[in-house]
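Read off the chains here:
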Amino acid sequence: MSHTAPNLSSKTVPTSGPITMVDAIRQAMFEEMERDPAVVAIGEDIGVYGGAFKVTDGLLAKFGRERVIETPIAETAIIGAACGMSFLGLRPVAEMQFIDFIACCFNQVTNFVAKSHYLWGAPVPMVIRGPSGGGVHGGPFHSANPEMYFVHTPGLKVIYPSTPSDAKGLLKSAIRDNNPVLFFEHKYLYRRLKEEMPPGDYTVPIGKAIVRREGRDLTIVSYAAMVHTALEAAVQLAKEGIEAEVIDLRTLLPLDKETILASVKKTNKLLVVHEDTRTGGIAGEIAALVFEGAFEDLDGPVARVTALDTPVPYSPPLEERFLPNTEKVVAAARELAKY
Amino acid sequence: MTQLATQQLTREQYLDLYYYMQLNRQLEERMVRLFRQNKIVGGLYSSLGQEAVSVGTCYALEKRDWIAPMIRNIGALLVKGVPPRDIFTQHMAKYTSPTQGKDGTSHFGDLKVRHIVSPISMLGDLIPVMTGVAMAGRYLGQNIVALTWIGDGGSSTGAFHEGLGLAASQRAPFVLIIENNQWAYSTPVSRQVPIQNLADRGAAYGIASAIVDGNDVVAVYQAAKEAVDECRAGRGPRLIEVKTMRMRGHAQHDPAEYVPKEMFEYWKARDPITLYEKYLTENKIWDAATKSEIDARIERELDVEQKFAEDSPLPPAALAEEGVYCDNGCHKIEADWKRAKSEVTPPKSSIDPTWRLKDLPAYTQAAIAGGNGAKNPAQAAATATAPASASSPAIAKSAVAPEPPAAKIPPTPAAQAAPAAEAGAEEPAVPRVPFGRGPKDKAFRQSPENPANKTYGRAPKAKSFAQNPQEKSFSKGPRNKPFGKNAQGKPFTKNPQDKQGRR
């Protein structure tokens, strides 16, 4: 039987030079699947087509249909099957075509996957990854940041990287972790920045934040795409003589309390910036942590710049209003610096 | 009772079936007494009258196979080798229970030895999970079968359908038992689904299914054994509907007054253990002495197990904080490979990543003429009724799907390990529209076979939106007025106060 389609997906990963976040994540997938045959990929359109964002491009050609499992549009079945596979010692990486669709399998994730180890001692070494976040006019169902539903679920780990090298190193750690890990990939960052990968088989530890910029006047805590917004704001603030320290959380659960508290004890002021909506966002949790652990060190109120408490609107002016941006961060930091 | 045809059981096995059913019943009777003494911490769910389902299905499995029980499948746990003390201690929330008191009832599992996945209370979720277990077992070359149960009520959940769809598309070695006990809490089956046989749901996914008298343990065993054997030979998944009856309420608190008395009486006369005792006697498999011997053994064992549970302590409160994460090396995660890893590692695993015509059966005349198995004559057989008497056939085959070519593969682990997508290797027998020429072919273009010529009840083409764009401008309001203005053409303003001064 002759082929009906051109060879859609047999690309390999670039091996040298700076690469995008998409390629960094692909590289992690390739390397982990080569390293360990227990690692399999499962999801919708991840094979011949290579995934909606081409994150799994080339995997099928190299690893075959047994390890790159294309499923019907059935998120509960994807997560359930991945969970079942992990019970036999496999390490499945399940893709949500858009992370918004994880709502379809919320029960499977929060009640089955997250609770198995606590209740009956069954570890679930699986990863759920998918494109998240706004800024690309994807509309209300393709732009969400649903991370806090899962940060509120004991038993899960939640990762949300901001750079290509972190994405690669953290995905590798997630695959090797013995717990269910949610791996959020901000689609705004997929192809907007390039970075040289550190050499060799390197990983980035889960649960460790990183100081992206040192400063003495105030601390800006953020994650994912908003790290870059915070860094831009810090450059502007520096021109006004305000030196902001910028912390990239990288992992939301477990949260790196030590790094946050150490920075606040140094700068005495805290601003949290996130793209998630305001009420119930991680800024509230971080504020509480700082009140518990560094109340005496604070010189001002804990401030936050977040998205509005609305669904993500579609039209560009509406979405721009919805999202935090550099101006909003600078304005909030300026106010905070006055204390 | 079913007369055995092909699968002849040994005397020991016949007596095993009785032992497990009776153990199941006596264990639960004891738990009812414990419940009344306030020694059971939470709810107590009875499987009275359904013992033959749990025992008969699980008895068809091998040690290496996997199960995921539902709340009323305590009998299956016993067959899998779970000691009764685990069930007592679970219900009594004791520190010695498999979950150390973190969960109750039959909510516990055993990954390493007995291969049991713990259920959760949300129905249907076990179906995709056990599909994944089956897929992983095949991938690792273990030649296992995964089996789980779902009630008539749970067969309405999305997870049920998503799971069955995935199992079917993967041809997973997975057996699903629909345990139709006539009641989902207080709602009868007829108020849940307007079909007589839940087994028919298999046909929608191309899954072969059967209907069995759930109070006939030998019939249940036979049907399950056949399904398990088929799955192990690479011809899964399989679906079995067992018709039975929940003889108590949803749980102990529920007196089940909504169940008509006649229904209880009808099914009480068909009690699975009484029927099986009669069968064993009539077929001279046992005598009265053997029965009292087994019954006494059960009492002895349960005395010891119950005492152990009652004497066990409750867990220390600090345990509540432990075990959320699998960190610090509490578990070693290692797959049990029964095939060479090189088979799934490049370069051996590398393939040409394209869809081929054989993957696309919709591009055939059979599909155009309304194929997709709809004409399968076997579907007409899916009219078997509920078991009305002991003389009716206990097993009714229904809706056997068109056999995939994979059926010709001999039942070896290697064949099972063949990737599902590769299994549909042969071309269908029906002639196919030549690719690349079909739609351009004039005769085909004009023929009613051409899908483009089918109207599917749509409105004539002249009335489609595309033909009348001026009537469907999406930027204008109903009367060609732009949105954002009121009828006078002025922008909307605040609602003026009416004469009563209300806003």
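Not measured: the values here are computed from a predicted model.

Some details on the interface of chain A and chain B
Where the parts come together, the accessible area they lose is often given as the size of the interface.
And step 1. Listed per partner, the contact involves 51 residues of chain A and 58 residues of chain B.
And step 2. Of all the secondary structure elements, the ones that give two or more residues to the side of chain A that touches chain B are α2 (59–63), α3 (75–87), α4 (106–113) and α5 (116–120) of chain A.
And step 3. Residue composition of the side of chain A that touches chain B, by class: 27 nonpolar, 19 polar and 5 charged.

Some thoughts on the sheet that holds strand β2 (residues 68–70) of chain A
Residue and element names in this part refer to chain A.
And step 1. Taken in spatial order, the 7 strands line up as β2-β1-β3-β4-β6-β5-β10 in an open sheet, and their pairing is mixed. The outermost strands of the open sheet, each flanked by one partner alone, are β2 and β10 (251–253). Across the sheet, the axes of successive neighbouring strands diverge by a mean angle of 20 degrees, strand direction being ignored.

Digging into the pairing of strand β4 (residues 127–132) of chain A
Residues and elements named next belong to chain A.
And step 1. Most of β4 is tucked away: 6 of the 6 residues are buried.
And step 2. Relative to β4, strand β3 (residues 91–95) is paired through 3 bridges, and the arrangement is parallel. Directly across from Glu95, in β4, lies its bridge partner Arg129.
And step 3. In this sheet, strand β6 (residues 181–186) lies alongside β4 in parallel orientation, the contact comprising 6 bridges. Each residue of the ladder has a partner; that of Arg129, found in β6, is Phe183.

Overview of the sheet that holds strand β7 (residues 210–213) of chain A
Each strand in a sheet pairs with its neighbour through backbone hydrogen bonds, running either in the same direction (parallel) or in the opposite one (antiparallel).
Residue and element names in this part refer to chain A.
And step 1. Here 5 strands make up an open sheet; going across it, the order is β7-β9-β8-β11-β12 and the pairing mixed. Single-partner strands in this sheet number two, and they are β7 and β12 (303–307). Averaged over all adjacent pairs, the angle separating strand axes in this sheet is 25 degrees, with direction ignored.
And step 2. With 5 bridges joining them, strand β11 (residues 270–277) and β12 adopt parallel strand pairing.

A few points about the nonpolar core
And step 1. One finds A:Leu271, A:Ala333 and B:Met130 to be the most contacted residues of the largest nonpolar core, which totals 202 residues.
And step 2. If one sorts the elements of this core by residue count, helix α8 (residues 217–232) of chain B sits on top with 10 residues.
And step 3. Counting residues domain by domain, this core receives three or more from each of domain 1 (21–186) and domain 2 (210–337) of chain A.
And step 4. When sequence neighbours within four positions are dropped, the list of residues in contact with A:Ala333 reads A:Leu218, A:Ile220, A:Ala233, A:Leu237, A:Ile242, A:Ala244 and A:Leu271.

Re the domain arrangement of chain A
Residues and elements named next belong to chain A.
And step 1. Each assigned domain of chain A is listed with its residue range as follows: domain 1 (21–186) and domain 2 (210–337).
And step 2. When each unit is reduced to the centre of its C-alpha atoms, the spacing between domain 1 and domain 2 is 27 Å.
And step 3. The partner domain 2 presents 23 residues to the 23 residues of domain 1 that form the contact.
And step 4. Those elements that place two or more of their residues in the side of domain 1 that touches domain 2 are α6 (147–151), β5 (157–159), α7 (164–176) and β6.
And step 5. A class-by-class count of the residues in the side of domain 1 that touches domain 2 yields 11 nonpolar, 9 polar and 3 charged.

A closer look at α3(A)
Quick reminder: α-helices carry 3.6 residues per turn. Residues three or four places apart thus point the same way.
All names here are of chain A.
And step 1. Over its 13 residues, α3 runs 19 Å from end to end, which matches the ideal 18 Å to within 8%, given 1.5 Å per residue.
And step 2. Taken across its 13 residues, α3 has 13 buried, putting it largely inside the fold.
And step 3. One or two positions beyond α3, positive phi appears at Gly89, with a value near 95 degrees.

Details of the pairing of strand β1 (residues 39–43) of chain A
All names here are of chain A.
And step 1. With 5 of its 5 residues buried, β1 lies for the most part within the structure.
And step 2. Side-chain alternation along β1 places Val39, Ala41 and Gly43 on one buried face and Val40 and Ile42 on a second face that is also buried.
And step 3. The sheet contact formed by β1 and β3 spans 5 bridges and is parallel. Paired with Val40 across the strands is Pro92, a residue of β3.
And step 4. Sheet analysis places β1 next to β2, joined by 3 bridges and oriented parallel. Residue pairing across strands places Ala41 opposite Val68, the latter belonging to β2.

Remarks on helix α5 (residues 126–139) of chain B
And step 1. Taking 1.5 Å per residue as the helical rise, α5(B) with its 14 residues ought to reach 20 Å, and the 19 Å between its terminal C-alpha atoms agrees with that figure.
And step 2. Just downstream of α5(B) lies B:Gly141, where phi reads positive at about 75 degrees.

Each value, and the rule that gives it
Note on numbering: residues in each chain are counted from 1, in written sequence order. Written order decides the labels, with chains lettered from A and ligands numbered from 1. For a predicted model such as this one, the threshold for reporting local features is a pLDDT of at least 70, and the threshold for listing and counting side-chain atom pairs is 80 or more; totals across whole chains, interfaces and linings nevertheless cover every residue. Note on contacts: residues are paired as contacts if their backbone-placed C-beta atoms lie within 7 Å. Labels follow the DSSP assignment, with helices taken as runs of H or I lasting at least four residues and strands as runs of E lasting at least two, numbered in each case from the N terminus. Classification used: nonpolar for Ala, Val, Leu, Ile, Met, Phe, Trp, Tyr, Cys and Pro, charged for Asp, Glu, Lys and Arg, polar for all others including Gly. Here, a strand pair is defined by DSSP locating no fewer than two bridges between the strands. Helix axes use the C-alpha atoms of the stretch in contact, all axes being lines fitted to C-alpha atoms, and the angles between their N-to-C directions lie in the range 0 to 180 degrees. Labels follow a simple rule on C-beta atoms placed from the backbone: if 20 or more others lie within 10 Å of a residue's own, it is buried; if 12 or fewer, it is exposed; otherwise it is partly exposed. Joining buried Ala, Val, Leu, Ile, Met, Phe, Trp, Tyr and Cys residues through C-beta atoms within 7 Å gives a set, and that set is a nonpolar core. Just so you know, the domain bounds were taken from an automatic or database domain assignment. Multiplying one less than the number of residues by 1.5 Å gives the expected span of a helix.

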